[in-house]
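What follows is the residue order along each chain.
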Amino acid sequence: MVFKLLRKHMKTILVTGGSGFIGSHTCLCLLKNKYKIIVVDSNVNSSKLSLKMIKKIFDQNKEVMEEIIFHQGDIRDEKFLKKVFLKSLNNGYQIDGVIHFAGLKSVEESIKYPLMYWDNNVSGTLTLIKVMELFNCETIVFSSSATVYGSSEISPLKESFEIKPLNPYGQTKATIEYILDGIFRSSKSNLKVANLRYFNPIGAHCSGLMGEEPLNKPNNLFPYICLVAAGKYKKLNIYGNDWPTFDGTGVRDYIHVMDLAEAHFSTLKFLLSNKAQLINLNIGTGIGTSVLDLINKFSVVNDIIIPFEIVDRRPGDVASLVANNQKAISILDWKPQRDLNNMCADGWNWQKRNPNGY
Ligand code: NAD
Ligand code: UD1
């Protein structure tokens with residue numbers, strides 16, 4: 001099916017999973033940069049209110065509000081997705097590209113319910129790619145993860161390192177990368193693909209109106225620190241202080257969610273103005289921070305003591321995961337702008353102002 005139509009000047013981007021933590025911050029960034037966006041989200045792990053907050057940040061500016069359209073639905077529902085593409089086309093906007101955030105993201109849950117992860121993440125992506133092909137949409141930025149590298153002993157990690165995920169969640173991310181690679185290599189393909197391998201996004205928009213809202217007890221370190229600071233939990237468990245790192249606790253590459261959002265905008269700009277290609281990019285700061293470093297920084301920046309206890313290592317954990325981010329910095333017109341102080345201040349500002357989330 002080939003559709004030809006008049007394009008308006010602004011690019012139109014479909015954002016799957018756009019109500020979620022990273023998706024909503026990215027929508028904000030795209031709107032600021034004058035993209036029109038269509039969000040598809042089932043809200044299985046997010047609130048519709050995140051997008052309402054975007055409107056608040058833009059002070060209910062009517063022009064901006066017209067540039068964001070929301071459809072609640074599941075990306076595995078082919079009929080629904082076709083309708084979204086068709087409706088946009090009928091309104092005079094061909095979808096120029098997709099940022100694909102929609103997915104389930106808990107490692108623990110994926111070990112308990114692997115089929116649910118394969119179905120949601122991989123089947124969902126297959127349906128999305130089929131519908132994109134039908135509507136001649138050839139640009140996709142995919143939310144991959146540093147978790148695809150598995151337990152690599154060498155940090156910083158380069159994109160050329162071996163992919164060997166350790167759990168079903170990571171395997172779904174690696175499988176989607178393989179699928180995109182296979183389609184890209186096929187002779188008929190004009191696909192433009194970027195697999196963004198995120199490291200550890202934390203923090204929130206500086207307004208305190210948007211942030212991360214873990215619906216259950218969080219597994220990740222930063223949201224847990226925030227809940228201890230808020231008094232919801234008495235103490236933080238540190239999973240081991242006998243790791244081969246400078247202070248014995250796990251080292252990660254934390255990146256401010258707005259820096260990550262801006263990386264998506266830069267990636268889209270890059271893909272849309274270049275030839276068909278597939279790129280894998282690490283999106284991190286390149287700086288390793290230990291659990292103790294993060295607790296100390298949070299305490300100093302926000303003047304709150306975080307009680308903690310050292311407990312056994314968490315199964316499946318690795319000592320250190322830090323990005324070599326040179327490829328992203330050299331290819332994209334992007335580099336991280338915010339430091340750990342900003343991450344701790346903005347993350348706590350969000351938590352403090354929204355103790356019960358949205
Ligand atoms: P999130 O859960 O806040 O956002 C994901 C969004 O996708 C949610 O709004 C959810 O409702 C939606 N969704 C899930 N399955 C869907 C489906 N079948 N159809 C429609 N919508 C669906 O997570 P996030 O932290 O914003 O992560 C976004 C993406 O980035 C995910 O794919 C995640 O795996 C990946 N990622 C996240 C991290 C992280 O630390 N947050 C790290 C690496 C990669
Ligand atoms: C986890 C996931 C990873 C996913 C990433 C981002 C696991 C094994 N890995 O990675 O696949 O891509 O989140 O969503 O779940 N820590 C504590 N106490 C806590 C929580 C964490 O000490 O209560 C430590 C961990 O041992 C680790 C560091 O803090 O050293 C960061 O942990 P976390 O925030 O869960 O991120 P990752 O382990 O990188």
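A brief look at the structure comes next.

## Some remarks on the overall build of the protein chain
No. 1: A count of helices and strands for the protein chain gives 12 helices and 14 strands.
No. 2: Relative to the globule expectation of 21 Å for 358 residues, the C-alpha radius of gyration of the protein chain, 20 Å, shows essentially globular dimensions.
No. 3: Its C-alpha atoms give the protein chain principal-axis dimensions of roughly 60 × 45 × 40 Å.
No. 4: Counting every position in the protein chain, which comprises 358 residues, the buried fraction comes to 56%.
No. 5: Considering only contacts in the protein chain between residues 6 or more positions apart, those separated by 24 or more positions represent 81%.
No. 6: Surface exposure of the protein chain reaches about 16,600 Å², of which carbon and sulfur atoms provide 52%.
No. 7: When the 42 basic and 34 acidic side-chain charges of the protein chain are each reduced to a single mean position, those positions are 6 Å apart.

## Some words on the site of ligand 2
No. 1: In the neighbourhood of ligand 2, 19 residues make up the surrounding shell, with N220, L221, N237, R252 and D317 lying closest.
No. 2: Between a nitrogen atom of ligand 2 and a main-chain N or O atom of N237, the distance comes to 2.7 Å.
No. 3: Within the side chain of R252, a nitrogen or oxygen atom sits 2.6 Å from an oxygen atom of ligand 2.
No. 4: When isolated, ligand 2 has an accessible area of 740 Å², and the protein chains bury 89% of it.
No. 5: Residue contributions to the shell around ligand 2 peak at four residues, all from strand β8 (residues 236-239).
No. 6: Residues belonging to the shell around ligand 2 are distributed by class as follows: eight nonpolar, eight polar and three charged.

## Remarks on the pairing of strand β6 (residues 192-198)
No. 1: Counting buried positions along β6 yields seven of seven residues, so the element is predominantly enclosed.
No. 2: Of the two faces of β6, the one lined by K192, A194, L196 and Y198 and the one lined by V193, N195 and R197 are each fully buried.
No. 3: Sheet topology places strand β5 (residues 139-145) next to β6; seven bridges connect them, and they run parallel. Directly across from T139, in β6, lies its bridge partner K192.
No. 4: Each parallel crossover has a hand, and for β5 linked through helix α7 (residues 168-185) to β6 it is right-handed.

## Structural notes on the packing of aromatic side chains
No. 1: Using the criterion set out here, one finds six aromatic pairs in the structure.
No. 2: For the ring pair F298 and W348, a centre distance of 6.0 Å and an interplane angle of 75 degrees mean the geometry is edge-to-face. Residue F298 is found in helix α10 (residues 291-302), and its partner W348 is found in helix α12 (residues 340-353); the two are separated by 50 residues along the sequence. Accessibility assignment for this pair places F298 and W348 in one class, buried.
No. 3: Look at W350 and Y358: their rings are 4.9 Å apart centre to centre, the planes differ by 55 degrees, and that puts the pair in the tilted class.
No. 4: By way of ring pairs, the aromatic residues F222, F298 and W348 are connected into one cluster.
No. 5: Geometry around Y93 places K36 over its ring, the cationic atom sitting 4.3 Å from the centre.

## Describing the nonpolar core
No. 1: I13, V15, L30, I37, I54 and I283 are the most contacted members of the largest nonpolar core, which has 42 residues in total.
No. 2: With 25 residues, the next largest nonpolar core counts I95, V98, V131 and C137 among its residues.

## Describing the site of ligand 1
No. 1: Of all residues adjacent to ligand 1, which total 28 residues, the nearest are D41, N45, S46, F101 and Y169.
No. 2: I22 places a polar main-chain atom, nitrogen or oxygen, 2.8 Å from an oxygen atom of ligand 1.
No. 3: S46 places a polar side-chain atom, nitrogen or oxygen, 2.6 Å from an oxygen atom of ligand 1.
No. 4: For ligand 1, the accessible surface in isolation is 800 Å², of which the surrounding protein chains cover 95%.
No. 5: Those elements that provide at least two residues to the shell around ligand 1 are α1 (21-32), β5 and α7.
No. 6: No other element matches the three residues that β5 contributes to the shell around ligand 1.
No. 7: Among the residues forming the shell around ligand 1, the class breakdown is 10 nonpolar, 13 polar and five charged.

## Quick look at helix α4 (residues 78-90)
No. 1: Helix length check: α4, at 13 residues, gives a terminal C-alpha distance of 18 Å against a target of 18 Å (1.5 Å per residue), a fit within 8%.
No. 2: All of the buried residues along α4 are F80, L81, V84, F85, S88 and L89.
No. 3: As for α4, its buried residues are in contact with β1 (12-16), β2 (36-41), β3 (68-72), β4 (97-100) and α6 (114-134).
No. 4: Near the N-terminus of α4, the side chain that reaches the backbone nitrogen of K79, with its oxygen 3.3 Å away, is that of D77.

## A look at helix α2 (residues 49-57)
Side chains of residues three or four places apart in an α-helix project in the same direction, reflecting 3.6 residues per turn.
No. 1: Those residues of α2 lying buried are S50, L51, M53 and I54. In a view along the axis of α2, the buried residues occupy a sector of 150 degrees, so they form one face of it.
No. 2: Buried-residue contacts for α2 involve α1, β2 and β3.
No. 3: Positive backbone phi, at 60 degrees, marks D59, one or two positions downstream of α2.

Conventions adopted
Residues numbered from 1 in each chain as written. Chains lettered and ligands numbered in written order. Predicted model: local features only at pLDDT ≥ 70, side-chain atom pairs only at ≥ 80, totals over all residues. Heavy atoms only, no water. Helix = DSSP H or I, 4+ residues; strand = E, 2+ residues; numbered from the N terminus. Rg over C-alpha atoms; globule rule 2.2 N^0.38 Å. Buried < 20%, exposed > 50% of the residue type's maximum accessible area, 1.4 Å probe, protein only. Contact = heavy atoms within 4.5 Å. Areas by Shrake-Rupley, 256 points an atom, 1.4 Å probe, with all protein chains shown as cover. Lys, Arg positive; Asp, Glu negative; His and termini not counted. Charge placed at Lys NZ, Arg CZ, Asp CG, Glu CD. Near = heavy atom within 4 Å. Polar contact = N/O pair within 3.5 Å; in protein donor to acceptor, adjacent residues only side chain to side chain. Nonpolar A, V, L, I, M, F, W, Y, C, P; charged D, E, K, R; others polar. Pairing = 2+ DSSP bridges. Right-handed = clockwise from strand over helix to strand, strands pointing away. Phe/Tyr/Trp six-rings, centres within 6.5 Å; stacked < 30°, edge-to-face > 60°. Lys NZ or Arg CZ within 6 Å of the ring centre and 35° of its normal. Core = buried A, V, L, I, M, F, W, Y, C linked by side-chain atoms within 4.5 Å. Expected span 1.5 Å × (residues − 1). Arc of directions from axis to C-beta.

By themselves, these figures tell us nothing about what the structure is for.
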